[in-house]
Amino acid sequence: LRSAVTQDAEPECAKDYQDNCHDRKCCNEYTTCYEKQPGLGKCRPTCALGAPDEAPPWDPDADMKPWTCKVLGEKQAPPAWTVEADASPSLYCYAVTLVRGNEPELLRRQLATGSGVFGCNEFSLFSERKMLLGPGPSGDVISTIAIDGPMATSRNNTYDFMRAWKQVIKLDLFRHHHWTVKLDPDSVFLAHKLRPLLSSHNVDVEKEKVYFRNCKKWKSIQGPLEILSRAAAQTFFESLDHCKGQHDIMPHGEDWFVGHCMDFLEFTDLEDWGLLADAYCSGLDEKAPCKQGMAAYHPFKTVERYMECLEDTA
């Protein structure tokens, strides 16, 4: 790891996105100092790659000027994590993200650490337009899939997910895995902790249409962690139009829609209060340590808080 402080005569490394790193040429272990123009550089996980309609490029200074993308100093190492192809039960995970605000940087840190969707056997990420996250372990740049925007920033986001689900159906990856898992970008999710929890329920994923209620307070399924067996996922995605026709469940948030749709379809609901620690269910203080042995913790809105929680789960 690169130290933020070197010798007494050396300055501290530049802060991500904020400081000019041109002279210091030093960033943290997850970012690289990229030159925008002679004399100006910023610490970022990626540079201004991609076509103009992709995100990024974005410019913190909002002047729309292109970056030279010259690397100043040491380039961050590519992620070193791996997921065993035969890790079982197998998980297909997906998330829908905004292209602005805190969510892109949360996903980039998850990419760097192999947490979140990146711990699953296969994953997909969706956003209103294509967004470049950065290089994966193989060196290939990982991007989101565009669902065509704009996306809502309110809780009434079911129509956004309808567009994302169309892409999930088109990709057809969920059919190849035991469980389909939807995550929120601000969830600290640990696939290796979820797998044994799911195995303990002894579900026949080929035949049993099962989903999990994970909030004891409301006896509900909470959006940060939605889990469907393969049989349930297949029927759910095939039945979206039927559920969409139930007007009493459309004007609410995505997790309301999912829970009520699966009840409408008469799926089997299993209760497991050890899957998710969610502030919007249990009243969990975001500052509380993430040491309860859960598969997911939510919400963690900043990279700093996310990393603190992730380290607490170790």
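Since we're looking at a predicted model, the values are computed, not measured.

J.: What is the right way to read the overall build of the chain from this model?
T.: Check the secondary structure of the chain and you find 8 helices and 15 strands. Computed over the C-alpha atoms, the radius of gyration of the chain is 20 Å, within 12% of the 20 Å expected from 2.2 N^0.38 for a compact globule of 314 residues. In terms of its C-alpha atoms, the chain occupies a principal-axis envelope of roughly 65 × 40 × 35 Å. The proportion of buried residues among the 314 residues of the chain is 52%. Here the analysis covers contacts within the chain between residues at least 6 apart in sequence; of these, 63% occur between residues at least 24 apart.

J.: Sorry if this is basic, but what is going on with the packing of aromatic side chains here?
T.: One pair of aromatic rings is described through two measures. These are the centre distance and the angle between the planes. Overall, the coordinates contain 10 aromatic pairs when judged by the stated rule. Where phenylalanine 174 meets phenylalanine 237, the ring centres are 4.8 Å apart and the plane angle is 55°; that geometry is what we call tilted. You can see phenylalanine 174 sitting in the loop between α2 (158–171) and β9 (179–183) and its partner phenylalanine 237 sitting in helix α4 (residues 230–238), a full 63 residues away along the chain. Plain terms: the ring middles of phenylalanine 236 and phenylalanine 237 are 5.3 Å apart, the flat faces sit at 65° to each other, and that makes the pair edge-to-face. Phenylalanine 237 carries the same exposure label as phenylalanine 236, and that label is buried. Cluster of aromatic residues (ring-pair linked, three or more members): Phe161, Trp165, Phe174, Phe236, Phe237 and Phe257. It is arginine 44 that lies over the ring of tryptophan 67; its NZ or CZ is 4.0 Å from the centre.

J.: Would you mind showing me how to read the state of the cysteines here?
T.: Scanning the model with the defined rule gives 7 disulfides in all. Each disulfide pairs two cysteine sulfurs, and for cysteine 93 the partner residue is cysteine 120, the sulfurs being separated by 2.0 Å. The disulfide joining cysteine 93 to cysteine 120 has a torsion of about -75° about its S-S bond and is therefore left-handed. Of this pair, cysteine 93 sits in strand β4 (residues 91–96) while cysteine 120 sits in the loop between α1 (103–113) and β5 (122–127), and the two are 27 residues apart along the sequence. For cysteine 290, the disulfide goes to cysteine 309, at an S-S distance of 2.1 Å.

J.: So what exactly am I meant to see when it comes to the sheet that holds strand β2 (residues 40–44) here?
T.: Strand pairing in a sheet relies on backbone hydrogen bonds, with the paired strands running either antiparallel or parallel. Taken together, the 3 strands give an open sheet; going across it, the order is β2-β1-β3, and neighbouring strands pair in antiparallel fashion. Where the open sheet ends on each side, the last strands, each with one partner, are β2 and β3 (71–72). Where strand β1 (residues 32–37) lies against β3, 2 bridges are found, and the strand directions are antiparallel. Looking at β3, one finds that tyrosine 34 is bridged to valine 71.

J.: I'm lost on unusual backbone geometry in this one. Help?
T.: Peptide bonds are, in most cases, trans, and in most cases residues other than glycine have a negative phi. For the bond from serine 88 to proline 89, the omega torsion is -5°, close enough to zero to count as cis. Its location among the elements puts proline 89 in the loop between β3 and β4. In the segment running from histidine 298 into proline 299, the intervening peptide bond is cis, with an omega of 0°. Turning to its location among the elements, proline 299 is positioned in the loop between β15 (296–298) and α8 (303–312). For cysteine 69, which is not glycine, the phi torsion reads 65° and is therefore positive. Within the secondary structure, cysteine 69 sits in the loop between β2 and β3. Residues other than glycine seldom take positive phi values, yet aspartate 172 does so here, at roughly 65°. Mapping aspartate 172 onto the fold places it in the loop between α2 and β9.

J.: When you look at the sheet that holds strand β10 (residues 188–189) in this model, what are you seeing that I'm missing?
T.: Taken in spatial order, the 3 strands of this open sheet run β10-β15-β14, and their pairing is mixed. Of all the strands in the sheet, just β10 and β14 (276–278) have a single pairing partner and so form its edges. Sheet topology places β10 next to β15; 2 bridges connect them, and they run antiparallel. When the sheet's bridge partners are listed, valine 188 is paired in β15 with tyrosine 297.

J.: Help me out: how do you make sense of the environment of arginine 24 in this one?
T.: Residue placement: arginine 24 occurs in the segment before β1. Under the relative-accessibility criterion, arginine 24 is labelled partly exposed at 35%. In this structure, the C-alpha to C-alpha distance between arginine 24 and leucine 72, residues 48 residues apart in sequence, is 8.8 Å. A polar atom in the side chain of arginine 24 sits 3.5 Å from the backbone oxygen of cysteine 13.

Criteria and thresholds
- Residues numbered from 1 in each chain as written.
- Predicted model: local features only at pLDDT ≥ 70, side-chain atom pairs only at ≥ 80, totals over all residues.
- Heavy atoms only, no water.
- Helix = DSSP H or I, 4+ residues; strand = E, 2+ residues; numbered from the N terminus.
- Rg over C-alpha atoms; globule rule 2.2 N^0.38 Å.
- Buried < 20%, exposed > 50% of the residue type's maximum accessible area, 1.4 Å probe, protein only.
- Contact = heavy atoms within 4.5 Å.
- Phe/Tyr/Trp six-rings, centres within 6.5 Å; stacked < 30°, edge-to-face > 60°.
- Lys NZ or Arg CZ within 6 Å of the ring centre and 35° of its normal.
- Disulfide = S-S within 2.5 Å.
- Pairing = 2+ DSSP bridges.
- Polar contact = N/O pair within 3.5 Å; in protein donor to acceptor, adjacent residues only side chain to side chain.

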